[in-house]
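Residue strings, one per chain:
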Amino acid sequence: VDDGKIGGDDRDLQQEQQKRVRINQIMLEARHLYESSLHVRSSILVPSHPEVVATKYSLAELLDSPKVSVSPLAKKKGKDEEKGIDEQRANKLREEILSAYEVTEHEDKKSQI
């Protein structure tokens, strides 16, 4: 007896994969837009300008967000999301933000006790 469930599962997996591909495309497009906007803003504004800082922050958050696996089977294996898209670049942008405001990090004396 064929209840159509296998075909339905295949369609569900295909739809899930299409959604994941679309999410990755949107993230790539967002990265391109943030990078372009940062390039222009950095060319005409000082590093501490709020628009430059906001763009760096948003780009860093995007780059630190987890990659979405294209394979819907990865979800079942517990590998639905991977490390950030570009964690090193995200951290570099965060350091640039701190530098723009001349912020230095200090260890908390209480944590050393």
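All of these numbers come straight from a predicted model, not from anything done at the bench.

Moving on to a nonpolar patch on the surface. On the surface, a cluster of nonpolar side chains totalling about 250 Å² of accessible area is made up of Leu98, Tyr101 and Val103. Summarising the element assignment, Val103 is placed in the segment after helix H4 (87-100).

Turning our eyes to something else, we now look at the environment of Val21. Inspection of the secondary structure puts Val21 in helix H1 (residues 5-44). For Val21, a relative accessible area of 32% gives the class partly exposed. Taking the C-alpha atoms as reference points, Val21 and Val70, separated by 49 residues in sequence, lie 5.9 Å from one another.

The next subject is the pattern of salt bridges. If you walk through the whole model with that rule in mind, you get nine salt bridges. Measuring nitrogen to oxygen at the nearest pair gives 3.1 Å for the salt bridge that ties Arg20 to Glu16. Within this pair, Arg20 and its partner Glu16 are both found in helix H1, separated by four residues, close to a single helical turn. What makes Arg20 buried here is its relative accessible area of 3%. Glu16 sits in the partly exposed class, given a relative accessible area of 26%. Salt-bridge contacts for Arg94 lead to Glu61; the nearest nitrogen and oxygen are separated by 3.1 Å. Here Arg94, found in helix H4, pairs with Glu61, found in helix H2 (residues 50-64); they are 33 residues apart in sequence, far enough to count as distant. The class of Glu61 is partly exposed, set by a relative accessible area of 37%.

A few words on the confidence of the model for the protein. The predicted model of the protein has a mean per-residue pLDDT of 83, with 78% of residues at 70 or higher. Confidence, expressed as mean pLDDT per element, reaches its minimum in the protein at helix H3 (residues 73-76) with 58 and its maximum at H2 with 96.

Right, let's talk about H4 for a bit. Under the 1.5 Å per step criterion, the end-to-end length of H4 is 20 Å for 14 residues, consistent within 8% with the ideal 20 Å. Every buried residue of H4 is accounted for by Ala90, Leu93 and Ile97. For H4, the angular spread of the buried residues around the axis is 60 degrees, confining them to a single face. In this structure, H4 carries Gln88, Glu95 and Ser99 as exposed residues pointing more than 90 degrees from its buried face.

Grouped together as the largest cluster of nonpolar side chains are seven residues: Leu38, Val52, Leu59, Ala60, Leu63, Ala90 and Leu93. Broken down by secondary-structure element, the contributors of at least two residues to this core are H2 and H4. Looking at this core element by element, the count peaks at four residues for H2. Setting aside residues no more than four positions away along its own chain, Leu59 makes contact with Arg31, Tyr34, Glu35, Leu38, Arg89 and Leu93.

Conventions adopted
- Residues numbered from 1 in each chain as written.
- Predicted model: local features only at pLDDT ≥ 70, side-chain atom pairs only at ≥ 80, totals over all residues.
- Heavy atoms only, no water.
- Patch = residues over 30% accessible without salt bridge, like charges linked within 9 Å, V, L, I, M, F, W, Y side chains within 5 Å.
- Areas by Shrake-Rupley, 256 points an atom, 1.4 Å probe, with all protein chains shown as cover.
- Salt bridge = Lys/Arg side-chain N within 4 Å of Asp/Glu carboxyl O.
- Helix = DSSP H or I, 4+ residues; strand = E, 2+ residues; numbered from the N terminus.
- Buried < 20%, exposed > 50% of the residue type's maximum accessible area, 1.4 Å probe, protein only.
- pLDDT = per-residue confidence, 0-100.
- Expected span 1.5 Å × (residues − 1).
- Arc of directions from axis to C-beta.
- Core = buried A, V, L, I, M, F, W, Y, C linked by side-chain atoms within 4.5 Å.
- Contact = heavy atoms within 4.5 Å.

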